[in-house]
Amino acid sequence: MSSSAIGALKGAVDEYIEFNRNRIVLSDGKAVREDPGAQKAAADALRVVDECKTTLFKNFDILADKTENDVPLDMKERVKMRYDSAYVMTKCAEAVNQLYTYCGSSVIFRNHTVNRAFRDIQTGRTHVANVPDKYGRNFGGVVFGRKSTDFFL
């Protein structure tokens with residue numbers, strides 16, 4: 001449910017870099033590329049993309065290995081992967097929020113790529129499968145020996 005946010009964030013950060021590469025802020029006449037906050041927003045977004053993809057592919061590798069060897073996932077693995085998946089939206093939403101902030105007022109228009117990614121990620125974040133708190137509590141409970149409360153698993 002959340003993998004599309006990784007691609008949306010990657011597209012947003014690519015557009016953000018291109019958009020701000022030569023942009024001068026009207027209020028102070030300074031280049032956005034020289035703003036430490038704008039630089040960190042780009043760095044953080046790229047880190048989130050990498051982190052989320054790494055976790056996604058690691059989990060896919062585990063699933064493929066278990067399937068090929070006809071070994072079922074234990075409940076701890078299942079609830080962890082569920083939490084990993086849901087948490088993607090939070091990470092991507094926080095990162096795209098920062099990109100949005102450093103694009104200036106031109107980002108408010110619907111045709112701006114960063115705005116589109118912002119809206120798409122925020123919309124996806126509201127889906128029940130993408131609200132990580134309950135999945136995190138469930139994973140924590142399972143780690144402590146409780147039974148999973150996720151009836152989909």
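The structure under discussion appears in the preceding block.
The rules behind these values
Residues numbered from 1 in each chain as written. Predicted model: local features only at pLDDT ≥ 70, side-chain atom pairs only at ≥ 80, totals over all residues. Heavy atoms only, no water. Helix = DSSP H or I, 4+ residues; strand = E, 2+ residues; numbered from the N terminus. Expected span 1.5 Å × (residues − 1). Bend = angle between axes of the 7 residues up to and from the residue. Polar contact = N/O pair within 3.5 Å; in protein donor to acceptor, adjacent residues only side chain to side chain. Buried < 20%, exposed > 50% of the residue type's maximum accessible area, 1.4 Å probe, protein only. Contact = heavy atoms within 4.5 Å. Salt bridge = Lys/Arg side-chain N within 4 Å of Asp/Glu carboxyl O. Core = buried A, V, L, I, M, F, W, Y, C linked by side-chain atoms within 4.5 Å. Patch = residues over 30% accessible without salt bridge, like charges linked within 9 Å, V, L, I, M, F, W, Y side chains within 5 Å. Areas by Shrake-Rupley, 256 points an atom, 1.4 Å probe, with all protein chains shown as cover.

So, on to helix H3 (residues 75–101). Its 27 residues place the ends of H3 40 Å apart at the C-alpha level, agreeing with the 39 Å of an ideal helix rising 1.5 Å per residue. Tyr-87 marks where H3 bends most, by close to 25 degrees. For H3, the N-terminal capping position is held by Asp-74, with its side-chain oxygen 3.1 Å away from the main-chain nitrogen of Lys-76.

Positive phi values are uncommon outside glycine, yet Asp-70 reaches one of about 50 degrees. Within the secondary structure layout, Asp-70 lies in the loop between helix H2 (36–68) and H3. Classification of Asp-70 as exposed rests on a relative accessible area of 71%.

Moving on, we come to helix H5 (residues 132–143). An ideal rise of 1.5 Å per residue puts 16 Å on 12 residues; H5 measures up with 16 Å between its terminal C-alpha atoms. For H5, every residue scored as buried is listed here: Pro-132, Tyr-135, Gly-136, Asn-138, Phe-139, Gly-141 and Val-142. Contacts made by the buried residues of H5 are with H3. Directly after H5, the chain includes Gly-145, whose backbone phi takes a positive value near 95 degrees.

With that settled, consider the pattern of salt bridges. The tally for this structure, following the rule as stated, stands at 10 salt bridges. The closest approach of N and O atoms between Asp-14 and Lys-10, which form a salt bridge, is 2.7 Å. Placement of the pair is Asp-14 and Lys-10 together in helix H1 (residues 3–20), with a separation of four residues, close to one helical turn. For Glu-18, the salt bridge is made with Arg-21, and the minimal N-O distance between the two is 3.6 Å. Under the relative-accessibility criterion, Arg-21 is labelled partly exposed at 40%. Salt bridges linked by common partners bring Arg-47, Glu-51 and Lys-91 together as one network.

To continue, consider the nonpolar core. One finds Leu-9, Tyr-16, Cys-92, Leu-99 and Ile-121 to be the most contacted residues of the largest nonpolar core, which totals 26 residues. Looking at this core, the elements with two or more residues in it are H1, H2, H3 and helix H4 (113–125). When sequence neighbours within four positions are dropped, the list of residues in contact with Ile-121 reads Ala-5, Ala-8, Leu-9, Met-89, Cys-92, Ala-93 and Val-96.

So, about a nonpolar patch on the surface. On the surface, Phe-57, Phe-60 and Leu-63 cluster together to form a nonpolar patch covering roughly 280 Å² of accessible area. The residue Phe-60 is located in helix H2 in this model. The class for Phe-60 is partly exposed, based on a relative accessible area of 44%.

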